[in-house]
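The lines below spell out each chain.
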Amino acid sequence: NAGVTQTPKFQVLKTGQSMTLQCAQDMNHNSMYWYRQDPGMGLRLIYYSASEGTTDKGEVPNGYNVSRLNKREFSLRLESAAPSQTSVYFCASSEYRGTDTQYFGPGTRLTVL
Amino acid sequence: SQQGEEDPQALSIQEGENATMNCSYKTSINNLQWYRQNSGRGLVHLILIRSNEREKHSGRLRVTLDTSKKSSSLLITASRAADTASYFCATDGGGSYIPTFGRGTSLIVHP
């Protein structure tokens, strides 16, 4: 099992450009999450999907959209990137929402110039 | 907003010593989890302790939970250089079932 995979690993964007971060899990988990990690801030939840077909906002959703494409895949889209979105983005999954162990992907390091 | 806060922010010890880091949180929880993050990597789950448990062990890890003080501690015994990483606590609570993470403790173990 690959666990949670994320693409790309690194990305540099110019302000105003758009891009989609891809995440997939092969553990048949119901819930998936997108976090961003900034120095000194820990992880902050952007969006999550408790189950296939549902998505909900987290702590810092502004400037992002998500799609739960199917049970395996959960993508994060930046429509018009801003320098404040420079961060490391982590996707995670868990069997069910909340009280279960989360499994994290390796992260995407995004720089917006 | 972050529910859990780790203390200290940074910890530097010699190999073989014990490392203790703490997590304090604000509202009642269902469970508390500890994760490790090696530099440049994703987080890895270490241990989960439920609100009705007081202590849990996993190998060289010992986690305690004091719900009256709203705090938890993670003890790593006989530390190794490979334990060098950042350690995060994650708590659910405040009406949410989604874990929220603290800012982490950066542990350096010198060989």
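What counts, and where the lines are drawn
In every chain, residue numbers begin from 1 and rise along the written sequence. The naming scheme follows written order: chains are lettered A onward, ligands numbered 1 onward. Only residues with pLDDT of at least 70 are given local features in this predicted model, and only at 80 or more are side-chain atom pairs given and counted; all residues enter the totals for whole chains, interfaces and linings. No hydrogens and no water enter the side-chain calculation; it runs on all heavy atoms of the structure. By the criteria applied, helices consist of DSSP H or I runs no shorter than four residues and strands consist of E runs no shorter than two, each listed in order from the N terminus. Two residues form a contact once any of their heavy atoms are found within 4.5 Å. A simple way to read buried area is as the amount of 1.4 Å-probe accessible surface that goes missing from two parts once joined, with both sides added. Any carboxyl oxygen of Asp or Glu that lies within 4 Å of a side-chain nitrogen of Lys or Arg is treated as forming a salt bridge with it. Residues were grouped as follows: Ala, Val, Leu, Ile, Met, Phe, Trp, Tyr, Cys and Pro as nonpolar; Asp, Glu, Lys and Arg as charged; and all remaining residues, including Gly, as polar.

Colleague: Looking at this model, I keep getting lost on unusual backbone geometry. Mind explaining?
Modeller: Where the residue is not glycine, phi is negative for most of them; where a peptide bond is considered, it is trans in most cases. Residue A:Pro8 is reached from A:Thr7 by a cis peptide bond, and omega for that bond is -5°. By secondary structure assignment, the location of A:Pro8 is in the loop between strand E1 (4–7) and strand E2 (10–13). The phi dihedral of A:Asn28 is positive, around 60°, even though this residue is not glycine. By the secondary structure assignment, A:Asn28 is in the loop between strand E3 (19–25) and strand E4 (31–38). The backbone of B:Lys70 sits at a positive phi, close to 55°, despite the residue not being glycine. Its place among the elements puts B:Lys70 in the loop between strand E7 (61–66) and strand E8 (71–76).

Colleague: What should I look at first to understand the interface of chain A and chain B in this one?
Modeller: A common measure of how large an interface is: the accessible area buried when the components associate. Tallying the contact residues gives 21 residues for chain A and 22 residues for chain B. Both sides together, the interface formed by chain A and chain B hides about 1,600 Å², and carbon and sulfur atoms give 57% of it. Where chain A touches chain B, the interface holds zero salt bridges. Elements with a minimum of two residues in the side of chain A that touches chain B: E4 and strand E5 (42–49) of chain A. Among the elements that line the side of chain A that touches chain B, the one with the most residues is E5(A), at four residues. Class assignment of the residues belonging to the side of chain A that touches chain B gives a composition of nine nonpolar, eight polar and four charged.

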